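Observations on the model geometry
Listed here are the chains, written in short residue letters.
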Amino acid sequence: MRFLAFIIVSLTGALLLYGTGEFPDWGDPKSPASLHVSDYYIEKTFEDTGVPNFVTAVVTDYRGFDTMFETAVIFTAGLGCFLLLRDFRGKKERFYRHTPTGVILHVKDDKKTLTVGNEFEYMDKEWVPPDLINKTVCRILIPFIQIYALYVVAHGDYSPGGGFQGGVIFGSSLILLAISYNLKTLVKRVKEKLLGIFAAVGVLIYAGIAAICMPMGGAFLDYGKLAPLVPGDPHHIRALGMLGVEIGVGIAVMAVMVIIYINIVSEGKHDEGL
Amino acid sequence: MHWPIDIIVLTLVIFCAIAALSVRDLLGTAILFGAYSFLMCLLWTIMGAVDVAFTEASVGAGVSTVFFVAAIFRTSRRTKD
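Residues numbered from 1 in each chain as written. Chains lettered and ligands numbered in written order. Predicted model: local features only at pLDDT ≥ 70, side-chain atom pairs only at ≥ 80, totals over all residues.

**Points about the overall build of chain B**
Along its length, chain B carries three helices and zero strands. Shown N-terminal to C-terminal, the secondary structure of chain B runs as helices and strands in the order α-α-α. The principal-axis extent of the C-alpha atoms belonging to chain B is close to 45 × 25 × 10 Å. Scored against the burial criterion, the 81 residues of chain B give a buried share of 27%. (Helix = DSSP H or I, 4+ residues; strand = E, 2+ residues; numbered from the N terminus. Buried ≥ 20, exposed ≤ 12 C-beta atoms within 10 Å, placed from the backbone.)

**Here's the deal with the overall build of chain A**
A count of helical and extended segments in chain A gives ten helices and three strands. Helices (α) and strands (β) of chain A occur, in sequence order from the N terminus, as α-α-α-α-α-β-β-β-α-α-α-α-α. The C-alpha atoms of chain A give a radius of gyration of 25 Å, which is well past the 19 Å a tight globule of 274 residues would have. C-alpha extents for chain A along the principal axes are approximately 75 × 70 × 35 Å. Relative to its 274 residues, chain A shows a buried fraction of 32%. (Rg over C-alpha atoms; globule rule 2.2 N^0.38 Å.)

**Some words on the environment of B:R77**
Residue and element names in this part refer to chain B. Looking at the element boundaries, R77 is found in the segment after α3 (50-74). Distance from R77 to D25, taken between C-alpha atoms, is 6.2 Å for residues 52 residues apart in sequence. The contact partners of R77, leaving out residues within four places of it in the chain, are D25, L26, L27 and I72. (Contact = placed C-beta atoms within 7 Å.)

**A short note on the nonpolar core**
Core analysis: the largest hydrophobic core is formed by 54 residues, its most contacted members being A:A252, A:V253, A:A255, A:V256, A:V258 and A:Y261. If one sorts the elements of this core by residue count, helix α10 (residues 237-265) of chain A sits on top with 21 residues. Residues within four places of A:Y261 in sequence aside, it is in contact with A:I175, B:V66, B:F67 and B:A70. B:C16, B:L39, B:A53 and B:A57 belong to the second largest nonpolar core, which has twelve residues in total. (Core = buried A, V, L, I, M, F, W, Y, C linked by C-beta atoms within 7 Å.)

**Remarks on the confidence of the model for chain B**
When pLDDT is averaged along chain B, the result is 88; 95% of the residues meet or exceed 70. Looking across chain B, the model is least confident in helix α1 (residues 3-22) of chain B, with a mean pLDDT of 89, and most confident in helix α2 (residues 26-46) of chain B, with 92. (pLDDT = per-residue confidence, 0-100.)

What follows is the structure in structure tokens.
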């Protein structure tokens, strides 16, 4: 069986390698991909949209529908993770630590809960005390990562990056908080409801900006028609529309990344985990 | 002089891919997969697709490695096959 599988895999691989011989060379100006539309994008993007980075222009303006439904896919991924993994039953037993004495209490009855505050604190079953160096380094790093993420979102028109990357970086800064302290620190600061609302609002911002263009007399996603709504130079209106859309993508992606992480790592219970 | 770097990175990519398939420790596999993504990111940069490289670095090498580690944390670390 193994031998047969090996033969099949080798044959398929050989066929695929044989097929690559027909591909155009890397960067070949005569390849079909660069014959028809590429020239137009390279020459006309700045005239059309006023955005120097034409990857962003192609992604959010010329092919805005594609990115909108991509954001919807990300949202659906977060929703799917939530529906599959979220477990509302709560935990049967909990561990508490009496802070002044260091005594650990094991409460088996889930009706009885101790007030967590100055006297008692939660303990996870697989709890490891957070390392001081890790904690301090992450505490210093996290704000910088978040500022960098905002920069990536805001500067998407001029340099590589955009809503998707910025959102992922922002989400991973929150995940870093959960890893360096513990999951409860993150869940306490970023509420689950807020994350859900953010994920939906991100998609709504994108679809909303696209839909506002229609009563203004344009097609769906035609940012140029938004000019009367925004004061300032009308040449920048497409860039502003793209920025708004990118912010929506960033918010949605950030929320979904954190939702997926929390649900995976705590088995849907949102109380203890990595 | 793009070619030598190109070929070195491509060789490392293939090594990482084979190692990620053959290592039995799943945590090691996750980290090798992160290395694979990062090397792919380098390849995209060499080819001039900086936007794709940025996405690969943040999503492939960053967040998805963390998701794998989180999933391994909740399942088992050794693979059976």
